[in-house]
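# Examination of the molecular architecture
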Amino acid sequence: MNNWKHKVYKRREEALASGKPIRILGIETSCDETSAAVIENGNTIRSNVISSQIESHKRFGGVVPEVASRHHVENITLIIDQALREANLTLDDIDAIAVTYGPGLVGALLVGVAAAKAISFARGIPLVGVHHIAGHIYANRFVKELEFPLLALVVSGGHTELVYMKEHGAYEIIGQTRDDAVGEAYDKVARSLGLPYPGGPHIDQLAHEGEPSIPLPRAWLEGTYDFSFSGLKSAVLNTLHNAAQRGESIEPKNLAASFQESVIEVLVDKTFRLINERPVKQLLLAGGVAANKGLRRALSERAAREGVELIIPPLSLCTDNAAMIAGAGYIEYKKGNLASMTLNGVPGLPLA
Ligand code: KG4
Ligand code: ZN
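Residues numbered from 1 in each chain as written. Chains lettered and ligands numbered in written order. Predicted model: local features only at pLDDT ≥ 70, side-chain atom pairs only at ≥ 80, totals over all residues. Heavy atoms only, no water.

By the assigned domains, the protein splits into domain 1 (2–138 + 319–335) and domain 2 (147–312). Of note, the centres of domain 1 and domain 2, computed from C-alpha atoms alone, are 29 Å apart. The interface of domain 1 with domain 2 comprises 17 residues on the first partner and 19 residues on the second. Here domain 1 is connected to domain 2 by three residue pairs in polar contact (both at pLDDT 80 or more). For the side of domain 1 that touches domain 2, the secondary-structure elements that each account for two or more residues are α2 (54–58), α5 (132–138) and α11 (322–335). Take the side of domain 1 that touches domain 2: its biggest share by element is five residues, from α5. Considered class by class, the residues forming the side of domain 1 that touches domain 2 number nine nonpolar, four polar and four charged. (Domains from an automatic or database assignment. Contact = heavy atoms within 4.5 Å. Polar contact = N/O pair within 3.5 Å; in protein donor to acceptor, adjacent residues only side chain to side chain. Helix = DSSP H or I, 4+ residues; strand = E, 2+ residues; numbered from the N terminus. Nonpolar A, V, L, I, M, F, W, Y, C, P; charged D, E, K, R; others polar.)

Okay, structure coming up:
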C-alpha cells in the first residue's frame, strides 16, 4: 500500500514537471447517469461518454436506487473503455482518475468509487475524490477561465445553492434551499400534470407555450439568501385539486408558465441582491436546471443590464456528466489533494 502511495505522488510530480497537458479520466455515477470522460488541463474535452438510465426509471416516475446501482455495475467498465477509445488514449496516458464520491445515492456512488480505486491501485495512477456540486460549478471552466471572486447559482435535482468562491476549490455556501431543490420541485409539479420523469424539461417546454396567468406565491425569506420551493409546489397541487373539485379545467401550459415565472423571479432576484452586496467578477450558473431556457434567458438579460459577466455551460454539460468531474478533479490534483484507498461513497457529503 505504501508502495502505491509513493508511486502516485511520484507520478504526479513527474507529470507536472513534464509540462505536458494533464490528462484526467473522470468518472461519475452519483445518480442515474453512468459517465466517463477524458479531459486535458481541466478544460479541454477529449471524450465525454454519458449513458443515461432515464428509460429504466421512467416507468417508476423517479430514480429507483437499486436499479441505478445495477445499471452502473453493468456499464461502468464499458463506458470507461469507450471514453479512452474516443480520446484515442490508453490508461498509460492518464495522469489521474477523478471520481464523484458524494453527494448522491450510496449504492450508485460506490460503483464509480470502486472502479476508480481498482484502476488507480492496479496501475499506480493518482486518485482524486470530487464533490458532485464542485463538478457542476467547474462545468463552466470549459466555457471560460474562472475569475475570482465569483458567485455560482447551483440549481439541480438535489441542490439549490448560492456558492461564493474566492479562489479555486474553495466554496462558501451563502444561501440554500430549506426544503425542496428547484429540480425536485420541477419534477413533482411535472408529475402532478401527468408528465414523464424527469419533468423539468417538459415544464420548461410547456411554460414557453403558455401564459403566466395563474397567481402563485413567491417565498422571499427576507433577510436571508435561502430559498424555499415546497410552498410553491403545494400551491400548484392545490390549484389543480381545487379546479378538479369545481369541475373546472386548468390549462397545463399556463400553470407551467406561472410556476416557472415564480421560480425564476426568486432565483434571479436573490442572486442579484447578493451580487449587489458582494460584488463579483463572474456569475456562474450550474446544475441540471441550468438547462432551463427561461432561467438562462432571465439571468442573461439581468446580467447584461447590471454589467455582470455571466457564464453558462453548454446544454450537454448542464446535466450529470464526467467531464465536469474531471474538471473539478484537475484543481484538486494541482493542489496535491490526492485520495487514498480509504476513499468511500458519502451520500451526504458537504460542499464546504
Ligand atoms: O444536475 P442534475 O443532472 O442531477 C442532480 O445532480 O440532481 O439535475 C437533474 C434535474 C432534474 O430535476 C431535471 O428535471 C432538471 O434537472 N432539469 C430541468 C431542465 N433540464 C433538467 N429543470 C428545468 N428545466 C429544464 N430544462
Ligand atoms: Zn448533478
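Only His132 (NE2), His136 (NE2) and Asp320 (OD) from the protein coordinate the zinc ion (ligand 2), and they sit 2.0 to 2.1 Å from it. Here the donor residues of the zinc ion (ligand 2) are spaced in sequence according to H-x3-H-x183-D. One end of the pair, histidine 136, is in helix α5; the other, aspartate 320, is in the loop between β10 (309–311) and α11, with 184 residues separating them in the sequence. No difference in accessibility class separates histidine 136 from aspartate 320, as the two residues are buried. (Donors = N, O, S within 2.8 Å, 3.2 Å for Na, K, Ca; no water. Buried < 20%, exposed > 50% of the residue type's maximum accessible area, 1.4 Å probe, protein only.)

With that settled, the discussion passes to the sheet that holds β10. Strand order across the open sheet formed by five strands is β8-β7-β6-β9-β10, with mixed pairing between neighbours. Since the sheet does not close on itself, it has two edges, and those belong to β8 (172–176) and β10, each with one partner. Put simply, the sheet's adjacent strands are angled 20° from each other on average, direction ignored. In terms of strand pairing, strand β6 (residues 150–155) meets strand β7 (residues 160–165) through six bridges, oriented antiparallel. (Pairing = 2+ DSSP bridges. Axes fitted to C-alpha atoms, helices over the stretch in contact; angles between N-to-C directions.)

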